[in-house]
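# Observations on chain architecture
As a plain string of letters, each chain reads:
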Amino acid sequence: MRYEGIVYRPPSEAESLIIQATIGCPHNKCAFCKMYRGVNFRIRSVAEIKEDLLMAKDYYGDWVKSVFFADGNTILMKTDQLVEILEYTKELFPKVERITMYGSAQYIALKTQEELNRINRAGLSRIHTGMESGDDEVLDLINKGTDSSKLIKAGVMVKNAGIELSEYIIVGVGGKKFTKQHALNSAKVLNEINPDFIRIRTIVPFPGTELYDMYKNGEFELLSPHEALREMKLFVENLNVTSYFYTDHVSNYCYANGKLPGAKNDIIDSIEKNLLIDESRFRKPYEGTL
Ligand code: SF4
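Residues numbered from 1 in each chain as written. Predicted model: local features only at pLDDT ≥ 70, side-chain atom pairs only at ≥ 80, totals over all residues. Heavy atoms only, no water.

Our next topic: the sheet that holds strand 7 (residues 164-171). A sheet is described by the order of its strands in space; here eight strands give the open sequence 1-4-5-6-7-8-9-10, paired in mixed fashion. Because the sheet does not close on itself, it has two edges, and the strands there are strand 1 (17-20) and strand 10 (258-259). Note that strand 6 (residues 126-132) and strand 7 share six bridges and pair parallel. Paired with Glu 132 across the bridge in strand 7 is Ile 169. Contacts from helix 1 (residues 46-60) reach strand 1 and strand 4 (66-70), with the element oriented near 155° to strand 1. Where helix 6 (residues 148-160) meets the sheet, it contacts strand 6 and strand 7, and its direction lies at approximately 150° from that of strand 7. (Pairing = 2+ DSSP bridges. Helix = DSSP H or I, 4+ residues; strand = E, 2+ residues; numbered from the N terminus. Contact = heavy atoms within 4.5 Å. Axes fitted to C-alpha atoms, helices over the stretch in contact; angles between N-to-C directions.)

Encoded structure:
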């Protein structure tokens, strides 16, 4: 396998074979994201991707159970190309149980429902989507390149195609100004989609991003740990979904996981317990990782 630059993957893909089908991110403009800054986006040729898959087969044999096609927004590839690499993956690794990739709503929306159905039949089992917020003002603030109606449309299409959907929400990404509407509208959008997974991250401003500049010049006010926990509580209280809820990231101030709706009270209890801890005992809001 050949890798270019820093390779990112969701924590849940820690045991997956990672193959870079694309390099960088075609959007590359989210105000908080530093992952692919300075990287020119390109799609690798199907021949190159297949060569990497063959290298993996030589190395691991046919024991591969899950495959993640990096980098950002691999769903943007042409449907015929995606189908070819997905079918080849299943052929090379007959024991594969899960094939996943990143896909933002704006790129999912470029596919028709029939194309997504076809991609699922070819083997794509899960899409990881950075929704970040369901609030239009926050989506504008972070330059996400989409709005709440497109988030819902793309999410519903993925679900209708039979592809599992993992949606990522960033606590505090609207700062103090939008905290309430970020919590309420994110829950509202997710209630419309009912994704398979909701995964929580907490905002950390990174040098080299627009959000960091806004934070430094006072335009963006970070939530304190307790404010972030209260935002998360309001968000969870307003969720009406049957999704798995995970705080599977070191940026978070609270560990609270479970299957909704049954686990809702336990998740809220965990948040409330963390609210009893003095704020000085949490990491500083500007120190951490996203
Ligand atoms: S958050 Fe996702 S879509 Fe936005 S720039 Fe980063 S990789 Fe691209």
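Back to the text.
Once that is clear, we can look at the site of the ligand. Looking at the ligand, the residues that line it are Cys 25, Asn 28, Lys 29, Cys 30, Phe 32, Cys 33, Met 35, Tyr 36, Asn 73, Ser 104, Glu 132 and Lys 144. Here the shell around the ligand is composed, by residue class, of six nonpolar, three polar and three charged. (Near = heavy atom within 4 Å. Nonpolar A, V, L, I, M, F, W, Y, C, P; charged D, E, K, R; others polar.)

The final tally for this structure, using the stated rule, is eight aromatic pairs. Relative to Tyr 60, the ring of Tyr 59 lies with its centre 4.9 Å away and its plane at 85°, an arrangement referred to as edge-to-face. Taking relative accessible area as the criterion, Tyr 60 reaches 40% and is therefore assigned partly exposed. Here the aromatic residues Phe 197, Tyr 244 and Tyr 246 are joined through ring pairs into a cluster of three or more. (Phe/Tyr/Trp six-rings, centres within 6.5 Å; stacked < 30°, edge-to-face > 60°. Buried < 20%, exposed > 50% of the residue type's maximum accessible area, 1.4 Å probe, protein only.)

Enumeration over the complete set of coordinates arrives at 20 salt bridges. Between Glu 210 and Arg 37 there is a salt bridge, and its shortest N-O distance comes to 3.0 Å. Taken as a pair, Glu 210 in helix 8 (residues 210-216) and Arg 37 in the loop between strand 2 (22-23) and strand 3 (42-43) lie far apart in primary sequence, 173 residues in all. With relative accessibility at 39%, the residue Glu 210 sits in the partly exposed group. Its salt-bridge partner being Asp 196, residue Lys 159 comes within 3.7 Å of it at the nearest N-O pair. On the criterion of sequence distance, the pair formed by Lys 159 in helix 6 and Asp 196 in the loop between helix 7 (179-193) and strand 8 (197-202) is long-range, its members being 37 residues apart. Because the salt bridges share partners, they merge into one network encompassing Arg 2, Arg 44, Glu 48, Glu 51 and Asp 52. (Salt bridge = Lys/Arg side-chain N within 4 Å of Asp/Glu carboxyl O.)

Over its 12 residues, helix 10 (residues 264-275) extends 17 Å from the first C-alpha to the last, a length consistent with the 16 Å expected when each residue adds 1.5 Å. By the burial criterion, the buried members of helix 10 are Lys 264, Ile 267, Ile 268, Ile 271, Asn 274 and Leu 275. In an axial view of helix 10, the angular spread of the buried residues amounts to 120°, which keeps them on one side of the axis. Seen from the open side of helix 10, the exposed residues pointing more than 90 degrees away from its buried face are Asn 265, Asp 266 and Lys 273. (Expected span 1.5 Å × (residues − 1). Arc of directions from axis to C-beta.)

Considering the arrangement of structural elements, one finds Asn 265 in helix 10. Placed 28 residues apart in sequence, Asn 265 and Glu 237 show a C-alpha to C-alpha distance of 8.7 Å.

For the rest of this paragraph, the subject is helix 9 (residues 225-237). In a regular helix each residue adds 1.5 Å, so 13 residues correspond to 18 Å; helix 9 covers 18 Å between its end C-alpha atoms and thus fits that length. What helix 9 keeps buried is the set Pro 225, His 226, Ala 228, Leu 229, Glu 231, Met 232, Phe 235 and Val 236. Contacts from the buried residues of helix 9 go to strand 7, helix 7, strand 8, strand 9 (244-246) and helix 10.

With that settled, the discussion passes to the pairing of strand 7. Burial runs high along strand 7: seven of the eight residues are buried. Where strand 7 lies against strand 8, six bridges are found, and the strand directions are parallel. Paired with Ser 166 across the strands is Phe 197, a residue of strand 8. In this fold, strand 7 hands off to helix 7, which returns the chain to strand 8; that crossover is right-handed. (Right-handed = clockwise from strand over helix to strand, strands pointing away.)

All we've got here are geometric facts, nothing functional implied.
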